[in-house]
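Coordinates in review
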Amino acid sequence: QVQLVESGGGLVQPGGSLRLSCAASGGLSSINSMGWYRQAPGKQRELVARITSGGSTYYLDSVKGRFTISRDNVRNTVYLQTNSLKPEDTAVYYCNIRVAFVNHWGQGTQVTVSS
């Protein structure tokens, strides 16, 4: 049973930074990709960043140059470094891991960007 534990959200002023972490455990023999989605109130969940098992990355256009996704294969942990945060980045951020082409989700962590 895959389990994901997220941490690192919080309240930050515009221009600030946060580092989100997601540690995975259980049944991780075939990880296809690890990534982060977000969902703001009244909006659909969207893919923010993803890193594949081969190391290829994808970023949502609005976060390119500000967010960086990385992974620690030994610790089965994926990180999202978020810099130059804007109020429009406010959302619940969800960790996603695709194992054997099955999606698994974290519980979500709130990121609020406000002065």
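So, a few notes on the structure that sits alongside this text.

The rules we used
- Residues numbered from 1 in each chain as written.
- Predicted model: local features only at pLDDT ≥ 70, side-chain atom pairs only at ≥ 80, totals over all residues.
- Heavy atoms only, no water.
- Helix = DSSP H or I, 4+ residues; strand = E, 2+ residues; numbered from the N terminus.
- Rg over C-alpha atoms; globule rule 2.2 N^0.38 Å.
- Pairing = 2+ DSSP bridges.
- Axes fitted to C-alpha atoms, helices over the stretch in contact; angles between N-to-C directions.
- Phe/Tyr/Trp six-rings, centres within 6.5 Å; stacked < 30°, edge-to-face > 60°.
- Buried < 20%, exposed > 50% of the residue type's maximum accessible area, 1.4 Å probe, protein only.
- Lys NZ or Arg CZ within 6 Å of the ring centre and 35° of its normal.
- Salt bridge = Lys/Arg side-chain N within 4 Å of Asp/Glu carboxyl O.

On a plain count of helices and strands, the chain comes out with zero helices and eleven strands. Across the chain, helices and strands are ordered from the amino to the carboxyl terminus as β-β-β-β-β-β-β-β-β-β-β. Computed over the C-alpha atoms, the radius of gyration of the chain is 13 Å, within 12% of the 13 Å expected from 2.2 N^0.38 for a compact globule of 115 residues. Taking the principal axes of its C-alpha atoms as reference, the chain extends roughly 45 × 25 × 25 Å.

A few words on the sheet that holds strand E1 (residues 3–7). Pairing is antiparallel across the open sheet formed by four strands, whose spatial order is E1-E3-E8-E7. The sheet terminates laterally at E1 and strand E7 (67–72), the two strands that pair on one side only. Neighbour-to-neighbour, the strand axes of this sheet turn through a mean angle of 15°, independent of strand direction. Direction of pairing for E7 relative to strand E8 (residues 77–82): antiparallel, over a ladder of six bridges. Considered in E8, the bridge of Arg71 is made with Val78.

Our next topic: unusual backbone geometry. Not every positive phi belongs to a glycine, and Asn76 is a case in point at roughly 50°. Structurally, Asn76 can be placed in the loop between E7 and E8. With phi around 65°, Phe101 is a residue other than glycine that occupies positive phi space. Tracing the sequence through the fold places Phe101 in the loop between strand E9 (91–99) and strand E10 (102–105).

Next up on the list: the packing of aromatic side chains. By the definition in use, this model includes one aromatic pair. Seen in terms of ring centroids, Tyr37 and Trp105 are 4.9 Å apart; in terms of plane orientation they differ by 65°. Their pairing is edge-to-face. Of the two residues, Tyr37 is situated in strand E4 (residues 31–39) and Trp105 in strand E10; the sequence distance between them amounts to 68 residues. Classification of Tyr37 as buried rests on a relative accessible area of 15%. Relative accessible area serves as the criterion here: at 37%, Trp105 is assigned to the partly exposed category. Arg19 extends its terminal NZ or CZ atom over the ring of Tyr79, reaching a point 4.0 Å from the ring centre. Sitting above the plane of the Trp105 ring, Arg45 keeps its charged end 4.7 Å from the centroid.

Charged atoms that come close allow side chains of opposite charge to pair. This structure, assessed with the given rule, holds five salt bridges. Two residues, Glu46 and Arg38, come together in a salt bridge whose shortest N-O distance is 2.8 Å. Judged by relative accessible area, which is 30%, Glu46 ranks as partly exposed. Salt bridges sharing common partners tie together Arg38, Glu46, Arg66 and Asp89.

Limitation: the analysis is restricted to geometry and does not speak to function.
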